[in-house]
Structure formats: structure tokens, C-alpha cells
Amino acid sequence: MKVLMINGSPHKNGSTYTALTIVGEELKKYGVDYEIMWIGAKPVSGCLACSTCKQTGKCVFDDIINEFMEKGKDCDGFVFGSPVYYASATGQITSFLDRLFMAYRQSMKYKPAFSVVCQRRSGATNTYDQINKYIGISNMIQVPSKYWNMMIGRNPEEVLKDEEGIQIMQNLAKNMAWLIKVLKLADNNGIGTPDDLFCWLIKVAMLKCIQ
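Criteria and cut-off values
- Residues numbered from 1 in each chain as written.
- Predicted model: local features only at pLDDT ≥ 70, side-chain atom pairs only at ≥ 80, totals over all residues.
- Heavy atoms only, no water.
- Helix = DSSP H or I, 4+ residues; strand = E, 2+ residues; numbered from the N terminus.
- Rg over C-alpha atoms; globule rule 2.2 N^0.38 Å.
- Buried < 20%, exposed > 50% of the residue type's maximum accessible area, 1.4 Å probe, protein only.
- Contact = heavy atoms within 4.5 Å.
- Lys, Arg positive; Asp, Glu negative; His and termini not counted.
- Charge placed at Lys NZ, Arg CZ, Asp CG, Glu CD.
- Axes fitted to C-alpha atoms, helices over the stretch in contact; angles between N-to-C directions.
- Parallel < 35°, antiparallel > 145°, perpendicular 65-115°, else oblique.
- Left-handed = near helix turned anticlockwise from the far one by under 90°.
- Nonpolar A, V, L, I, M, F, W, Y, C, P; charged D, E, K, R; others polar.
- Core = buried A, V, L, I, M, F, W, Y, C linked by side-chain atoms within 4.5 Å.
- Phe/Tyr/Trp six-rings, centres within 6.5 Å; stacked < 30°, edge-to-face > 60°.

Q: Kindly report on the overall build of the protein chain, identifying the contributing residues and their values.
A: A tally of regular secondary structure across the protein chain gives eight helices and six strands. When the helices and strands of the protein chain are listed from N to C terminus, the series reads β-α-β-α-α-β-α-β-α-β-β-α-α-α. Taken against the 2.2 N^0.38 rule, which gives 17 Å for 211 residues, the C-alpha radius of gyration of the protein chain at 18 Å falls within 12% of a compact globule. Over its C-alpha atoms, taken along the principal directions, the protein chain stretches across nearly 70 × 40 × 25 Å. Buried residues in the protein chain amount to 46% of all 211 residues. Residue pairs at least 24 apart in sequence account for 77% of intrachain contacts in the protein chain once pairs closer than 6 positions are excluded. Here the protein chain contributes 24 positive and 20 negative side-chain charges, whose respective centroids are spaced 3 Å apart.

Q: Just give me the short version of the packing of helix α1 (residues 15–29) against helix α7 (residues 163–188), but keep the residues and values in it.
A: Between α1 and α7, whose axes approach to 8 Å, the crossing angle comes to 45 degrees. What the angle tells us is that α1 and α7 run oblique. Both α1 and α7 take part in a crossing whose hand is right-handed. Counting all contacts with α1, which are made through A19, I22, V23, E26 and L27, the residues of α7 involved are I166, M169, Q170, A173, M176 and A177. Counted by class, the contact of α1 with α7 contains nine nonpolar, one polar and one charged residues.

Q: Could you give an account of the packing of helix α4 (residues 91–104) against helix α5 (residues 124–136), with specific residues and numbers?
A: It is the contact of α4 with α5, at a shortest axis distance of 10 Å, that shows an interaxial angle of 10 degrees. Relative to α5, α4 is oriented roughly parallel. Contact residues: α4 offers T94, L97, D98 and F101, while α5 offers Q130, I131 and Y134. Class assignment of the residues belonging to the contact of α4 with α5 gives a composition of four nonpolar, two polar and one charged.

Q: Go over the nonpolar core with me, naming the residues and quoting the values.
A: The biggest cluster of nonpolar side chains holds 33 residues, and the ones touching the most others in it are I6, F68, F78, F80, F96, L97 and L100. Those elements giving two or more residues to this core turn out to be β1 (2–7), α3 (64–72), β3 (77–83), α4, β4 (112–119) and α5. Looking at this core element by element, the count peaks at seven residues for α4. With residues near it in sequence (within four places) discarded, L97 still touches F80, I131 and Y134.

Q: Can you tell me about the packing of aromatic side chains, naming the residues and giving the values?
A: Evaluated as defined, the whole model comprises seven aromatic pairs. On the basis of an interplanar angle of 40 degrees and a centroid distance of 6.5 Å, the ring pair of F68 and F80 is categorised as tilted. Pair noted here: F68 is in helix α3 and F80 is in strand β3, with a separation of twelve residues, a long-range link. In this structure F80 comes out as buried when scored by relative accessible area, which is 1%. Seen in terms of ring centroids, F78 and F80 are 6.4 Å apart; in terms of plane orientation they differ by 5 degrees. Their pairing is stacked.

Below, the structure is given as C-alpha cells:
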């Protein structure tokens, strides 16, 4: 079992990385591995709406988006992390998510996911809402916690002093691990996704028509 995370900050080992690491280390306590991928500090091209991905199955720009999803095919859950820039997510992760969910939305259906947001002072709720819209429009399962998924701190040292934030991250990890195990248990016992059930109902209806 594995969760793939994306660090949407231009600072590789900053506040967002620290928050994601707290989540990851808690996941490991429940037998779930994790990997953090860093978008990087360079610009990420936005979506061109060219629809090439509909024909080829991957984004026309062969960069971190395709790399992320290649790894994501074998992962059981996703976490999307970003610091707050002017009360919203960074430009890099916004472009990343636009293209990721355009090209790979179908591949991410029914997989659990959540966002992680780091703020210096304010704007986290806007960013949290922005990222969650990608999860909510893609038939993914949004993992809950006991409060909004945000941490306070302009650097790792300040983040590690946010005791309530740490508890929120740990609770997210615990719920993610539990949900992954529940989904695996369901799959092992022949309980498929709603799509599987819909296909089964169609087949039954066709058989009855033939009879």
C-alpha cells in the first residue's frame, strides 16, 4: 500500500514538505508507504485544452504530470500540498492539477485523496477550497480530518510548533490508511466500484432482454 504526494511549493524542503512528511510518517505507522514528488522551482505549463490526452492517454507535455501519474497507477491514494500565495495555491500546482485532472481524471476515480495547505497568516481556507474542487469533480474519495487541512508557519521550524496542525495531519493519515484498507477489503470480497455495479446491471438487463 502506498500514497503518492505532490509538493507544490517552489521550496523543496519548506513548510509544505514538512507538513507532507508528518502525514507520511504517520501513514507508515499503519503499514502504508509514501513518496513525495516535488514539482520544482521552474514554471509548469498550463493546460492548452488541446485534447491530445484524450487520444493518447497522457498529457502532450511530457513532464512531471506524466511522471506523477505513471507512479500513481500503482498507488492507493494521493495528497496534494501547496503553500498559500495571495490566498490561493501556487501557480505551479495550479497548472499541475489542471493538466493532471484533464488527462488522468478517469484513472483517479474512487481513489482517496486530500489536500494539505500551509499558510503564514491567512488565505488557507481559499487554497484548501481550490484544491478540493479537483478532488470533488473527479469521483475521488475525499479523506476527512477533525478540522481543515492546514498548518501555520512560514518555515519548517514554525510548522513543527503548530501542535493542532500536526494533530490534523496525523488524523488525515490515520483516516487515509483506514480507508485504503477498507477499499482493499471490499475489492478482495468482490465489492467493486459503482462503475462495476453499473456494468453488471447493464449485463443483467441485456440477458433478460435476450431471454
